[in-house]
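A closer look at the structure
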Amino acid sequence: MSGSGSRTAILLLDFQNEFVKKGGKLHNDVADTMEKTGVLENVPKLVDFARKTDAMIIYSPVVMKESGTLTSSVARRQSTTFHSTEYSKQYGLFTENTWNCEIIHEVEPRNDDIILRDRSDFSAFEGTKLISELRDNNITHFFIMGFLTDACVYQTSMAAAKLLPEMSTYVIADGCAAKSLDKHEAALEKIANESVNVVSASEAESILAECAASSKQSLLDDSDEWLMIEKIFSAGGVGRNESMDVDILRSLIESLHSDSSILSTLTDSLEASGEKEISRAQMHKILFQRKHRSGFSENFPLLILMSYLPFLYSVSTRIPFIFIALEITQGRGRELWEVGVVLGTYQVSRALGNLIVVMFGGKDPFKRLQILLSCIALFGWSFLALFGRPSETSPFSFTPYLSETDGGGTGSIVPLFALFCVGLGETIVILQRSLMMETAKESPSGIMDESLVAQRFSYQYAFVSFGATCAFIVGGWLYTTIGYYSVCDFGMIIQALHLLGALVYLFLARNGKKSLKGDELDGNDLIRSVIYRFQAASVISKYSQDVANGTEHAMSSESQGLSDAAIKAKSDRVLNHSLGEMYRHFFLQKSDDVVCMEELLNSIESTQATGVNASLTSKRPTAMAIGKHKLSKLVLFLVKSKGQGRLTEREFVSFWGPRIYLSIYESSQEAKSVNVIWPYMRAVVATQAIAALCIGIFLSTALLSYTQRFPERCDAATVGLLLGIGEGAGVLVIFAKSYLSGRKYKESTNNLLLGILKAIV
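Reference entry: report on the structure contained in this document. It should be emphasised that the depicted structure is a prediction, and the values quoted were computed from it without experimental measurement.

Observations regarding the pairing of strand β2 (residues 56–60)
- The buried fraction of β2 is high, at five of five residues.
- Judged by which residues are buried, β2 turns out to be covered on both faces: M56, I58 and S60 on one side and I57 and Y59 on the other are all buried.
- By the bridge criterion, five bridges tie strand β1 (residues 8–13) to β2 in an arrangement that is parallel. Bridge pairing in β2 links L11 to I58.
- When β2 meets strand β3 (residues 114–115), the two strands line up parallel, connected through two bridges. By the bridge assignment, Y59 is partnered in β3 with I115.

Spelled out as structure tokens, the structure:
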């Protein structure tokens, strides 16, 4: 259980065969009370419910040596302790490694549950790490049930209330039992008098459900999605637990003059629903609830991007490493430095392919470049397969033939530079970008689920590794058993299938959901853009009020850290985009800046009249403090960096950007890191280019080294098999990591092997 997981925990005391099952030495003592309270019906049901709410499940069994006895430090100190302490005089109870000591199967522990085996007293806190588990996991609601109500349950609940007074402690009345119903009820009464809550199992379920919902909401409140929704409701002057009038929301959206797909989705939904009010939860559902794919037609494009195209791309671009070095040195009798020239050219072309994607791919590089680069790569393989081909072997015949150097001569390496075209087919970045866009289609407003994207990237890379495995094994076998041209035929077939898959995906994408709206923004950038637009209206409104109260007041109200915020705001492309959109709407189409500023202020003020930014409005109208025309002139004067000429977009953005940035983050040091998905791919491209160069050097060096050191035992087929096994292991690691990351478990002695495996992965 992680420290940031559940805030609730359930403790099961002594749910062992010794008490609960017939044949247990203490079963007859509690059987009657168990039947009357319904322990065996209530407790398993409550435990199952608690697991669904991600509550921590803790077991505290009694484990004794055969000659040991139960002891109680409280019993030794207080002669008035309940009569159940008479068990301290009995031997042979809860003997370790016996059926009597085992936890009953109805509430059998699971791998991620906690078992406290070192209890030295009736209290579960004595001799165990229970208090540290509760503190480390930030437990705020602690539920206790078990045996006996007037002994272990009583002492444990009293210890919990004393040791952790800030934690709410509950005893489940119908989840406990004593030697008699009278003793059970007397103990519950005494527990209740000691400021510990006594509740039923059904009441405990309700509390667990409320805690789970509260915990989930607190996590969501920290996300950009809920921050955006809260900004919208705050701008509309709506309280924390209130709904917003749809007319106010529609007016608010119209005032932003934004082409964001988030706002258009919300507007379309409002028009279709016909409802008068909307809650935060309803808005979140409209904007962000993921639409799961169903049927072959919806899943097929995703299958193409995650498996088919990555697999064929990898086969096509990895084949050269398994045969080119041998073909140059052995097949054509050339020098090692010529191997470096050819492979160096090939690696440069792969890096150039990535560079072309970044520079000219735009927002949808698949549509712009995928077909073109695939055709170039197909041309490269076709040239290699057909140029200088011996007459005794026809294309795709896959029959052995004599090499031109079998008689001892040398062959030219010039045709091998066609690998430059093959290298331009390095399109994994395009496939990654397309997978992100395909995932975004599952959201109504085009917001991708980042955790889902990460999972799909893992599977995509698994198929890349699988493709490399096939390339090394099949390519090495073809070169050894048939020859150079058979490998080129294989490459040509693979690239043709890749081109066909790309065409099919383009056809499906064209007839599917349209691409996102907005200028070069997608993912969480869209959310942050809307947040910035609402915040911009608030900041401009407040600043205008300060100006209306006197320009000196406006200057003196500038926040600390504005210069530091200016640096960070300048690098925030989403903030710059949002302000640029606002500038272009109000200032670009007209020649009089003062009139444009007037319209901007009027637009903000008109939304204030319907409740928008109610918390920021002045107690007296701005027009009463100062004429609107004059106010616009004053604001414009302060915004301009130069005293003459028109207000430029750069001036507008550079003035408001730092102030908006500070208004959200309060200080530049507290600002959150900016998450940018697609530009991040530029760093990915550079990393992949370097990694590809290193891997290519390693593969070619390994191939030459093995074949020269062990000429009788190692050929291209053998080396390809070895390299394929290595890539295959990579596939297994990726799938193992994906599997393990989806499981919740606690690394303990019971699953040590699983913990070690996860650490290795």
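That was the structure; now back to the text.
Considerations on the sheet that holds strand β5 (residues 168–172)
- A sheet is described by the order of its strands in space; here six strands give the open sequence β3-β2-β1-β4-β5-β6, paired in parallel fashion. The open sheet terminates on both sides in strands that have one partner only, identified here as β3 and β6 (197–199).
- The pairing of strand β4 (residues 141–146) with β5 spans four bridges and is parallel. For I144, the partnering residue across the bridge sits in β5 and is V171.
- Contacting β1, β4 and β5, helix α6 (residues 149–163) crosses the sheet at an angle of about 165° to β4.

Focus on the side chain of R318
- Positionally, R318 belongs in helix α13 (residues 295–331).
- Buried charged residue R318 carries no salt bridge. Nearest counter-charge: E426, at 4.6 Å.
- Residues within four places of R318 in sequence aside, it is in contact with Y313, Y346, R350, V464, A468, A471 and F472.

Examining the side chain of S307
- With respect to the helices, strands and loops of the structure, S307 is situated in helix α13.
- Residue classification places S307 among the buried positions, given a relative accessible area of 11%.
- A polar contact is formed between the side chain of S307 and the backbone oxygen of L303, at a distance of 2.6 Å.

Description of a nonpolar patch on the surface
- A surface patch of nonpolar side chains, about 470 Å² in accessible area, is lined by Y308, F396, I493, L497, L500 and V504.
- The element that contributes the greatest number of residues to the nonpolar patch is helix α19 (residues 484–510), accounting for four residues.
- Mapping L497 onto the fold places it in helix α19.

Observations regarding α6
- Compared with the 21 Å implied by 1.5 Å per residue over 15 residues, the 20 Å span of α6 between its first and last C-alpha is a close match.
- When you tally the buried positions in α6, you get 12 out of 15 residues, the bulk of the element.
- Within α6, the full set of buried residues consists of T149, D150, A151, C152, V153, Y154, Q155, T156, S157, M158, A159 and A160.

Examining the pattern of salt bridges
- One pass over the full model with this rule turns up 15 salt bridges.
- In this structure, E133 and K129 form a salt bridge, with 3.6 Å as the shortest nitrogen-oxygen distance.
- The closest approach of N and O atoms between D593 and R646, which form a salt bridge, is 2.4 Å. Of this pair, D593 sits in helix α24 (residues 593–608) while R646 is found in the loop between α26 (628–639) and α27 (649–665), placing the two residues 53 residues apart along the sequence.
- Linked through salt bridges whose partners overlap, the residues forming this network are D593, K640 and R646.

Observations concerning unusual backbone geometry
- L148 follows F147 through a cis peptide bond whose omega is -20°.
- Mapping L148 onto the fold places it in the loop between β4 and α6.
- The phi angle at F396 is positive, at roughly 65°, despite the residue not being glycine.
- Tracing the backbone shows F396 in the loop between α15 (365–386) and α16 (419–423).

Quick look at the packing of aromatic side chains
- In this structure the tally under the stated criterion is 17 aromatic pairs.
- With centroids separated by 5.4 Å and ring planes inclined at 90°, the aromatic side chains of Y543 and W656 adopt a geometry described as edge-to-face. Taken together, the residues span a long stretch of sequence, with Y543 in helix α20 (residues 524–548) and W656 in helix α27 at a distance of 113 residues.
- Accessibility expressed as a relative area gives 6% for Y543, which makes it buried.
- Centroid distance F587 to F652: 5.5 Å. Interplanar angle 55°. Geometry classified as tilted. In this pair, F587 is assigned in the loop between α23 (573–586) and α24 and F652 in helix α27, connecting sequence segments 65 residues apart. Of the two residues, F587 and F652, both sit in the buried class.
- An aromatic cluster is defined as three or more aromatic residues linked by ring pairs; in this entry it consists of F323, Y479, Y484 and Y485.
- Over the ring of Y484 we find R332; its NZ or CZ atom is 4.9 Å from the centre of that ring.

Cut-offs and rules
Residues numbered from 1 in each chain as written. Predicted model: local features only at pLDDT ≥ 70, side-chain atom pairs only at ≥ 80, totals over all residues. Heavy atoms only, no water. Buried < 20%, exposed > 50% of the residue type's maximum accessible area, 1.4 Å probe, protein only. Helix = DSSP H or I, 4+ residues; strand = E, 2+ residues; numbered from the N terminus. Pairing = 2+ DSSP bridges. Contact = heavy atoms within 4.5 Å. Axes fitted to C-alpha atoms, helices over the stretch in contact; angles between N-to-C directions. Lys, Arg positive; Asp, Glu negative; His and termini not counted. Salt bridge = Lys/Arg side-chain N within 4 Å of Asp/Glu carboxyl O. Polar contact = N/O pair within 3.5 Å; in protein donor to acceptor, adjacent residues only side chain to side chain. Patch = residues over 30% accessible without salt bridge, like charges linked within 9 Å, V, L, I, M, F, W, Y side chains within 5 Å. Areas by Shrake-Rupley, 256 points an atom, 1.4 Å probe, with all protein chains shown as cover. Expected span 1.5 Å × (residues − 1). Phe/Tyr/Trp six-rings, centres within 6.5 Å; stacked < 30°, edge-to-face > 60°. Lys NZ or Arg CZ within 6 Å of the ring centre and 35° of its normal.

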